[in-house]
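# Overview (structure and organization)
What follows is the residue order along each chain.
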Amino acid sequence: MISDPAQVPRIVETAIREAVSKQGVAVIVISGDIALKEAGPAAPSAKPVPRLPRVCPVEADIDELVELLDSGRKTTILCGAGCAGAHDEVVALAAKLKAPVVHALRGKEHVEWDNPYDVGMTGLIGFSSGYHAMEACDTLLMLGTDFPYRQFYPTKARIAQVDIRGENLGRRCRLDLGVIGDVREVLSRLTDRLSGQADDTHLNTAVRHYTKARKELDDLANEDSKHTPIHPQLLAKLVSDLASDDAIFTCDVGEPTVWAARYLKMNGRRRLVGSFLHGSMANAMPQAIGVQLGLPKRQVISMSGDGGFGMLMGDLLTVRQSKLPVKIVIFNNGLLGFVDIEMKAGGFLPSGTRLDNPDFASMAESMGIYGVRVEEPGQLKSALATAFAHDGPAVIDVLTDRQELVMPPKIKLEQAKGFSLWMMKAVLNGQATEIVDVARTAFAR
Ligand SMILES: Cc1ncc(C[n+]2csc(CCOP(=O)(O)OP(=O)(O)O)c2C)c(N)n1
């Protein structure tokens, strides 16, 4: 809060340092009474923006990590956003330990690509191979991740965690060893000291499982599908295929995050932005606006839910007014889908989840923004290609199937009870056709 003009240089610099060193947002409030006064006399520092440190752990921590990892037979590595910039070090470590690499959502863009040890994602919206690679290990190494879902941690393994933020150590699971340090720094001092693992059985089992799980996911995004409404998996896959090599994707909280996590192919240059910590809806378009303003030359693609898009739809005026060439792909399933399925899995009859949407494409057109509505899978590829090539903002309104089961197998099994309760209630309530719809979508392919 700046309440006196003399405070300006010091507070602005403090805010910059807070934002840079904590990699977050700093907010400065200026009182209207002083907004037009001369700023304080103090000259700004010569270098107000600090360089980020690379935090080195103490040597004893590396010794203990070596001991713990050398005594493991089946090690799995779990990676999060703290692995940014450490891709090659993670892959080298995995090679030495013959360890499958699982990622949390925020680790996807940093470790999934060019990685023969990648076995996919775990967690509430992950898939089976990630879960099993964690459950089957005897030693889990967590790198730069605050992965929150406790039920997905292995039950028997010893666990070591490396994180630059000491307060994260042991926050989600019982630890055998916690190390404060920058992931890249730790690995650059760790890997050479390890004896290495010769037995690759654990790795091979996990990779085989992943190949199967990946194939099952890819089959759900079949380009030859004639199914209407369009499968959201196909839409996400085509978005990934057609986007530029350094595209920046944003995805809405809800099912679009699931499709982004499962179908976007990253490569070290592409980025994925979402509301992955707070899970607040309607984030994708505003984030796309912010990113596009900051990086005007990059292709920015918002993967919006119809609920999320509708919630902050007024911001389309900002897109027009600032002539931002963002591409807004709407997964239009006429539903607050993720919550609808959570309600069913919890044994409730969903209520208040249906959406009666307008034609978003003609709405965009009426605002002078390129709009296209896609209802047939055969038209999807060329519609996306044309919109992505358009020199300006575009809204691609795609009617997608609302009856997709997005939960991973473990959750599906655990919540079968919830689903049966929902089915009973649906029958009693005369909504049996919805059950048939869900079953048809799940089993038809
Ligand atoms: C601000 C806010 N409100 C509500 C929720 C709960 N919520 C999470 S996902 C979701 C539905 C999202 O619907 P939509 O954008 O249409 O995407 P879909 O899941 O249908 O693909 C809701 C209501 C939330 N996360 N944040």
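Before any of the text, the structure's been laid out above.
Residues numbered from 1 in each chain as written. Predicted model: local features only at pLDDT ≥ 70, side-chain atom pairs only at ≥ 80, totals over all residues. Heavy atoms only, no water.

### Observations regarding the packing of aromatic side chains
Counted according to the given criterion, the structure contains six aromatic pairs. The interplanar angle of 90° and the centroid separation of 5.9 Å between the aromatic rings of Tyr-131 and Phe-152 together place this pair among those described as edge-to-face. Pair noted here: Tyr-131 is in helix 5 (residues 128–135) and Phe-152 is in the loop between strand 4 (139–143) and strand 5 (158–163), with a separation of 21 residues, a long-range link. You can call Tyr-131 buried: its relative accessible area is 15%. Relative accessible area serves as the criterion here: at 2%, Phe-152 is assigned to the buried category. Between Phe-309 and Phe-360, the aromatic rings sit 5.1 Å apart at their centres with planes inclined by 80°, giving edge-to-face as the arrangement. In this pair, Phe-309 is assigned in helix 11 (residues 306–311) and Phe-360 in helix 14 (residues 360–366), connecting sequence segments 51 residues apart. The same class applies to Phe-309 as to Phe-360, namely buried. Through a chain of ring-to-ring contacts, three or more aromatic side chains come together here, namely Tyr-131, Phe-147, Tyr-149, Phe-152 and Tyr-153. (Phe/Tyr/Trp six-rings, centres within 6.5 Å; stacked < 30°, edge-to-face > 60°. Helix = DSSP H or I, 4+ residues; strand = E, 2+ residues; numbered from the N terminus. Buried < 20%, exposed > 50% of the residue type's maximum accessible area, 1.4 Å probe, protein only.)

### Side note on the sheet that holds strand 8 (residues 271–274)
Taken in spatial order, the six strands make up an open sheet running 8-7-9-10-12-11, and their pairing is parallel. Looking at the sheet topology across the chains shown, the edges are occupied by strand 8 and strand 11 (370–374). Between one strand axis and the next, the sheet turns by 15° as a mean value, whatever way the strands run. In this structure, strand 7 (residues 248–251) lies alongside strand 8, joined through four bridges in parallel fashion. Among the inter-strand pairings, Phe-249 is bridged to a residue of strand 8, identified as Leu-272. The sheet strands contacting helix 10 (residues 284–294) are strand 7, strand 8, strand 9 (300–305) and strand 10 (327–332), and the helix crosses strand 9 at an angle near 170°. (Pairing = 2+ DSSP bridges. Axes fitted to C-alpha atoms, helices over the stretch in contact; angles between N-to-C directions. Contact = heavy atoms within 4.5 Å.)

### Regarding the sheet that holds strand 1 (residues 75–79)
Within the open sheet, the six strands sit side by side as 3-2-1-4-5-6. Their pairing is parallel. Of all the strands in the sheet, just strand 3 (118–121) and strand 6 (177–180) have a single pairing partner and so form its edges. Geometrically, the sheet is characterised by an average inter-axis angle of 20° between neighbouring strands, direction not taken into account. Alignment of strand 2 (residues 101–103) against strand 3, held across two bridges, turns out to be parallel. Paired with His-103 across the strands is Met-121, a residue of strand 3. Running over the sheet, helix 5 touches strand 1, strand 2, strand 3 and strand 4 and is turned about 110° from strand 3.

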